[in-house]
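This is what each chain is made of:
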Amino acid sequence: MASRSRAADRAPKGRPSRSGGSRAATSKPPKEGTFVWRWRRAWFLMALLFVLGVSGVAYLFTQVPLPDDDPELSQTSFFCASDVTTDCNADNSIAQLSGGIDRVNVEYEDLPQVLVDAVLAAEDKDFYLHSGVDPAGILRALWANVRNQDVQQGGSTITQQYVKNVYLTQERTYTRKIKEAALAVKLERELPKQEILLRYLNTIYFGRGAYGVEAASRSYFGKPVQQLTLPEAAYLAGLIRSPETADANRGPDDPAAPVQAATALRRRDSVLDAMLEAGFASRAEYDAAMATALETVTPRQVPTNFGRVANPEWGTEYFIDHVRQWLVTEGGFSDADVFEGGLRVYTTLDLDMQRAAHEAVVSTLGQPDDPSAALVAIDDVGAVSAMFSGTDFANEKVNLATGTLGGGGGRQPGSSFKTFALAEAVAQGIPLNKTYDAPAKLVIPEANDGEDWEVGNYADAGLGTLDLVSATAKSSNTAYAQLMLEVGPQNVVALAKRMGITAAIDAYPATVLGTEEVSVLDMASAYSTFADGGVHIDPYVVTRVTDASGRVLYENEVQRDQILDQAQVEQVNWALHQVVEGGTGTAAKYDQPAAGKTGTTDNYRDAWFVGYTCRLTAAVWMGYPGVDENGNDRLMENVRGRDVTGGSFPAEIWRKFMVEATRDKDACEFTQPDLAPFVDDEAEEEPVDTTEPPPTTAPETTLPPTTAPPTTAPPTTAPPTTPPPTTVPPTTAPPTTAPPGTGGAGGAGGGNGSNGADERG
């Protein structure tokens with residue numbers, strides 16, 4: 001009854017009774033009770049939304065602009081060795097650098113038909129029939145999802161996928177989906193189908209850091225895309241939907257490996273099914289492909305920014321990293337260019353020489369606690385042909401060959417720096433037959449910041465009177481200390497810099513004994529000036545850089561600077577030739593004429609041999625790069641029973657390398673120059689040469705100059721085996737330039753002068 005009362009309450013007032021009566025003016029509309037009328041407001045709202053939606057879609061289709069140009073996509077850069085002069089690519093490169101995005105674009109004619117068919121079958125079998133959007137494909141995808149198939153065609157066409165990856169974001173919104181469809185339709189009107197498909201295949205991600213089919217083919221099968229087989233193409237096509245969940249070879253230590261391998265096989269087989277259904281594969285081809293296992297998939301490697309490098313066991317990674325640094329610091333390229341710009345970098349590295357450098361070092365220093373070694377070789381046109389710094393770049397990234405450029409520091413060159421004083425002396429007109437007293441020890445007053453500078457020969461050996469050739473061959477510290485004062489430290493340092501030393505070097509008297517730090521690359525560069533007839537050529541590691549299309553972005557221009565004339569160079573070459581023939585560097589002697597200089601620093605911290613023929617220069621350094629558990633320098637004492645000097649292991653390494661590196665190179669003789677008699681012009685004005693001790697019947701090294709103060713004269717009965725220092729009068733000392741407290745290496749700071757000396761023989 002209550003319901004009836006509520007109905008009565010809802011009835012309009014003035015409604016006539018069934019028995020008759022007049023009809024009220026507010027009678028009921030004729031269709032009040034119908035469904036359409038009852039929901040009229042909802043229908044109106046839906047119609048309004050439909051109109052707005054259609055208008056919005058129409059606006060997007062007409063107003064969303066298609067970008068004029070595709071954005072620049074990251075591409076892998078390739079580095080090639082010196083034997084590759086054109087078309088540096090993935091097949092002939094020695095290094096591939098990418099910023100985590102490994103991509104190499106290919107042309108459509110490079111795509112095998114089996115790959116095109118596999119991708120179309122898996123992603124968009126009606127690609128050549130639709131105009132960018134495929135409604136039938138969307139319905140098929142929905143039905144496949146309902147059936148829960150593992151691999152099925154997606155609702156988006158290949159064109160839509162390309163638009164999403166290149167022009168839009170990955171957000172899941174209706175607006176983005178409408179924009180995607182609009183741009184896909186517009187793109188189909190602008191580009192032919194093959195171009196769209198090519199761009200898509202160069203863009204999509206396949207896992208393992210590989211973008212595009214070329215990088216994917218090399219990452220999963222180790223070969224270019226042109227060589228893919230039907231089952232391999234189907235495998236790659238099966239990766240597109242979710243590449244990180246179907247890697248068939250993640251390695252035995254990965255717990256997800258079995259599950260992913262099973263998923264990969266199931267996806268590949270689903271693609272093959274689709275290819276058979278679409279007519280892209282015959283029954284025989286299908287059966288053969290289905291019977292093929294996935295064993296050809298290469299093991300997964302975690303992508304790194306540094307990329308793949310050929311022959312890392314030869315230490316090539318250090319060279320490639322040095323080239324990378326040069327491209328950014330001096331070549332004018334950015335990090336983005338190097339890792340993502342698709343550069344083709346033609347380097348100077350000679351792989352045969354790099355192998356020879358590696359073998360020379362490891363065959364000499366192969367035991368676990370042996371010191372480290374670095375080697376740099378530069379040819380006669382300035383190209384860095386080899387650079388060895390080690391073989392464990394993954395854990396030791398400091399390049400010992402390049403000093404501060406390689407993330408470390410320089411090393412003291414020892415007596416190998418004396419060569420610059422010799423060259424400056426020759427340039428000043430001092431003949432090679434000028435003689436110097438070479439006592440075991442020598443005191444030069446006031447040369448060490450106002451204090452006396454005490455210099456000593458290696459092993460306290462008194463060497464008598466030596467001309468410059470003999471002083472160089474025997475590496476006399478005491479003779480060269482006098483020469484340094486005579487020619488001037490500033491002049492020697494300036495010449496060394498013009499010849500190729502780039503490190504900051506202070507002009508101290510003790511610098512002649514190798515107290516300043518330099519790099520192996522600098523020493524090879526500087527000595528190459530002698531090999532090149534007095535012309536310094538700036539060393540270079542890159543000959544040319546192009547983009548992926550072959551457009552030249554950089555080309556090296558050889559920089560030449562005449563430092564010494566031919567006559568001067570011949571004198572220096574002859575003196576350094578005698579070092580190898582009968583001096584401290586005889587261990588470097590081999591079947592071609594060679595010249596060079598040894599270097600050993602205080603307490604055997606560093607040992608060097610730097611030498612050359614007329615075709616190739618090589619510098620070898622040896623030492624411990626770190627410190628011991630107490631924070632002290634590790635010294636090369638008793639290495640396999642030997643104290644390491646420049647004439648020992650370094651000279652042996654140099655010889656082993658040069659035997660291989662110059663095997664096919666022309667040999668050149670070093671001719672003996674005419675040595676004019678030395679005439680001391682000042683001797684006519686001054687009867688006694690106060691720079692040299694006078695003749696005496698006593699042992700030469702035990703007597704001071706006649707002008708020396710009595711307090712510096714040793715007893716005349718001192719035994720020859722323990723000679724005291726010979727004192728040079730202060731009249732020969734230059735203005736004080738040595739820094740206070742400079743220890744070691746012959747010098748300045750109270751050192752005994754043995755640093756910089758070499759072991760004879």
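If you're wondering where the values come from, they're calculated on a predicted model, not measured in any experiment.

A.B. asks: Looking at this structure, how should I read the overall build of the protein?
C.D. replies: Each helix and strand counted, the protein has 22 helices and 19 strands in total. The burial tally for the protein puts 53% of its 761 residues in the buried class. On the protein, roughly 35,000 Å² of surface is accessible, and the fraction owed to carbon and sulfur atoms is 51%.

A.B. asks: Explanation requested: the state of the cysteines in the structure shown.
C.D. replies: A covalent bond between the sulfur atoms of two cysteines is what we call a disulfide. This structure, assessed with the given rule, holds two disulfides. The disulfide bridge from cysteine 80 ends at cysteine 88, spanning 2.1 Å between sulfur atoms. One quick way to see it: the torsion about the S-S bond of cysteine 80 and cysteine 88 is about 95°, and its sign makes the bridge right-handed. Through a disulfide, cysteine 614 is tied to cysteine 668; the S-S separation comes to 1.9 Å. Disulfide cysteine 614-cysteine 668: the torsion about the S-S bond is 65°, which places it as right-handed.

A.B. asks: I keep staring at the environment of leucine 198 and nothing clicks. Help me out?
C.D. replies: Mapped onto the fold, leucine 198 is located in helix H8 (residues 193–201). You can call leucine 198 buried: its relative accessible area is 8%. With 14 residues separating them in the primary sequence, leucine 198 and glycine 212 have C-alpha atoms 9.6 Å apart. In this structure leucine 198 touches Val106, Glu107, Tyr108 and Leu111, once residues within four positions along its chain are discounted.

A.B. asks: How should the pattern of salt bridges be read in this particular structure?
C.D. replies: For side chains bearing opposite charge, pairing can occur when the charged atoms are close. One pass over the full model with this rule turns up 24 salt bridges. Across the salt bridge formed by aspartate 606 and arginine 411, the nearest N and O atoms sit 2.6 Å from each other. Placement of aspartate 606 in strand E17 (residues 606–612) and of arginine 411 in the loop between strand E7 (384–388) and helix H16 (418–427) is noted, with a sequence separation of 195 residues between them. The exposure class assigned to arginine 411 is buried, which follows from its relative accessible area of 10%. Here glutamate 652 ties to arginine 642 by a salt bridge, and the two come within 3.3 Å at their closest N and O atoms. Placement of glutamate 652 in helix H22 (residues 649–661) and of arginine 642 in the loop between strand E18 (616–623) and H22 is noted, with a sequence separation of 10 residues between them.

A.B. asks: What should I look at first to understand the sheet that holds strand E13 (residues 542–546) in this one?
C.D. replies: If you walk across this open sheet you meet the five strands as E2-E1-E5-E13-E14, and the pairing is mixed. The two strands at the open ends of the sheet, each matched to only one other strand, are strand E2 (95–97) and strand E14 (552–555). Neighbour-to-neighbour, the strand axes of this sheet turn through a mean angle of 15°, independent of strand direction. Across three bridges, strand E1 (residues 77–80) lies against strand E5 (residues 344–347) in parallel orientation.

A.B. asks: Would you explain the environment of glycine 390 in this entry?
C.D. replies: Looking at where glycine 390 falls in the secondary structure, it is placed in the loop between E7 and H16. Residue classification places glycine 390 among the buried positions, given a relative accessible area of 14%. For glycine 390 and glutamate 317, which are 73 residues apart along the polypeptide, the C-alpha to C-alpha distance reads 9.1 Å.

A.B. asks: Is there a simple way to think about the packing of aromatic side chains in this case?
C.D. replies: Where two aromatic rings form a pair, the distance of their centres and the angle of their planes describe that pair. Overall, the coordinates contain 14 aromatic pairs when judged by the stated rule. When the ring of phenylalanine 127 is compared with that of tyrosine 128, the centres are 5.1 Å apart and the planes differ by 80°; the resulting orientation is edge-to-face. On the basis of an interplanar angle of 40° and a centroid distance of 4.6 Å, the ring pair of tyrosine 205 and tyrosine 211 is categorised as tilted. What links up through ring pairs into an aromatic cluster is the set Phe417, Phe420, Tyr527, Phe530, Tyr612 and Phe670. The residue whose ring lies beneath arginine 544 is tyrosine 346, and the NZ or CZ to ring-centre distance is 4.1 Å. Taking NZ or CZ as reference, arginine 642 lies 4.6 Å from the ring centre of phenylalanine 649, over its face.

A.B. asks: Any chance you could explain the packing of H16 against helix H18 (residues 477–487) here in plain terms?
C.D. replies: At a minimum axis distance of 10 Å, the contact between H16 and H18 shows a crossing angle of 50°. When the axes of H16 and H18 are compared, the pair comes out oblique. The hand of the H16/H18 crossing is left-handed. Contact with H16, carried on its side by Lys418, Ala421, Leu422, Glu424 and Ala425, involves Asn477, Tyr480, Leu483 and Val487 of H18 and no other residues of that element. In terms of residue class, the contact of H16 with H18 is made up of six nonpolar, one polar and two charged.

A.B. asks: How do you make sense of H18 when you look at a structure like this?
C.D. replies: Note on helix geometry: an α-helix contains 3.6 residues per turn, so any two residues three or four positions apart are oriented the same way. The element H18 is largely enclosed, with a buried count of 10 among its 11 residues. Within H18, burial applies to Asn477, Thr478, Ala479, Tyr480, Ala481, Gln482, Leu483, Met484, Leu485 and Val487. Against H16, strand E8 (435–437), strand E9 (441–448), strand E10 (451–456), helix H17 (468–473) and helix H19 (489–499) lie the buried residues of H18.

A.B. asks: So what exactly am I meant to see when it comes to a negative patch on the surface here?
C.D. replies: A cluster of acidic residues, Glu446, Asp449, Glu451 and Asp452, forms a negative patch on the protein surface. Relative to the assigned elements, glutamate 451 resides in strand E10.

A.B. asks: So what exactly am I meant to see when it comes to the side chain of asparagine 202 here?
C.D. replies: Among the structural elements, asparagine 202 can be located in the loop between H8 and strand E4 (210–211). A relative accessible area of 7% places asparagine 202 in the buried class. For asparagine 202, the residues in contact, after removing those within four places along its chain, are Arg103, Val104, Asn105, Val106, Tyr211 and Gly212.

A.B. asks: Explain the pairing of strand E16 (residues 595–600) to me, please; I cannot follow it from the model alone.
C.D. replies: For a regular strand, side chains alternate in direction, first toward one face of the sheet and then toward the other. For E16, the tally of buried residues reaches six of six residues, placing the bulk of the element in the interior. Pairing between E16 and E17: six bridges, direction antiparallel. Each bridged residue has a counterpart across the sheet, and for alanine 595 the counterpart in E17 is tyrosine 612. Where E16 folds back onto E17 in an antiparallel hairpin, the turn is made up of five residues, including asparagine 603, whose phi is positive at roughly 60°.

A.B. asks: What exactly am I supposed to notice about the pairing of E9 here?
C.D. replies: Across the eight residues of E9, six count as buried, placing the element largely inside the fold. Where E9 lies against E10, five bridges are found, and the strand directions are antiparallel. Pairing of valine 443 across the sheet is with glutamate 454, part of E10. Counted along the chain from E9 to the antiparallel partner E10, the turn is two residues long, and its residue aspartate 449 has a positive phi close to 55°.

A.B. asks: How should the sheet that holds E7 be read in this particular structure?
C.D. replies: Reading across the sheet, the five strands line up as E7-E6-E18-E17-E16 and stay open at both edges, with antiparallel pairing between neighbours. The sheet is open, and its two edges are formed by E7 and E16, each paired on a single side. When strand polarity is set aside, the average angle formed by the axes of neighbouring strands in this sheet is 5°. By the bridge criterion, four bridges tie strand E6 (residues 372–379) to E7 in an arrangement that is antiparallel.

A.B. asks: Sorry, what's going on with the confidence of the model for the protein here?
C.D. replies: Do not read the predicted coordinates in detail wherever pLDDT is low. With 76% of its residues at a pLDDT of at least 70, the protein reaches an overall mean of 81. Here residues 1–26 scores under 50 on pLDDT; set against residues more than four positions off or in separate chains, the count is six contacts. Here residues 682–723 scores under 50 on pLDDT; set against residues more than four positions off or in separate chains, the count is 50 contacts.

Here is what the cut-offs are and how they apply
- Residues numbered from 1 in each chain as written.
- Predicted model: local features only at pLDDT ≥ 70, side-chain atom pairs only at ≥ 80, totals over all residues.
- Heavy atoms only, no water.
- Helix = DSSP H or I, 4+ residues; strand = E, 2+ residues; numbered from the N terminus.
- Buried < 20%, exposed > 50% of the residue type's maximum accessible area, 1.4 Å probe, protein only.
- Areas by Shrake-Rupley, 256 points an atom, 1.4 Å probe, with all protein chains shown as cover.
- Disulfide = S-S within 2.5 Å.
- Contact = heavy atoms within 4.5 Å.
- Salt bridge = Lys/Arg side-chain N within 4 Å of Asp/Glu carboxyl O.
- Pairing = 2+ DSSP bridges.
- Axes fitted to C-alpha atoms, helices over the stretch in contact; angles between N-to-C directions.
- Phe/Tyr/Trp six-rings, centres within 6.5 Å; stacked < 30°, edge-to-face > 60°.
- Lys NZ or Arg CZ within 6 Å of the ring centre and 35° of its normal.
- Parallel < 35°, antiparallel > 145°, perpendicular 65-115°, else oblique.
- Left-handed = near helix turned anticlockwise from the far one by under 90°.
- Nonpolar A, V, L, I, M, F, W, Y, C, P; charged D, E, K, R; others polar.
- Patch = residues over 30% accessible without salt bridge, like charges linked within 9 Å, V, L, I, M, F, W, Y side chains within 5 Å.
- Lys, Arg positive; Asp, Glu negative; His and termini not counted.
- Charge placed at Lys NZ, Arg CZ, Asp CG, Glu CD.
- pLDDT = per-residue confidence, 0-100.

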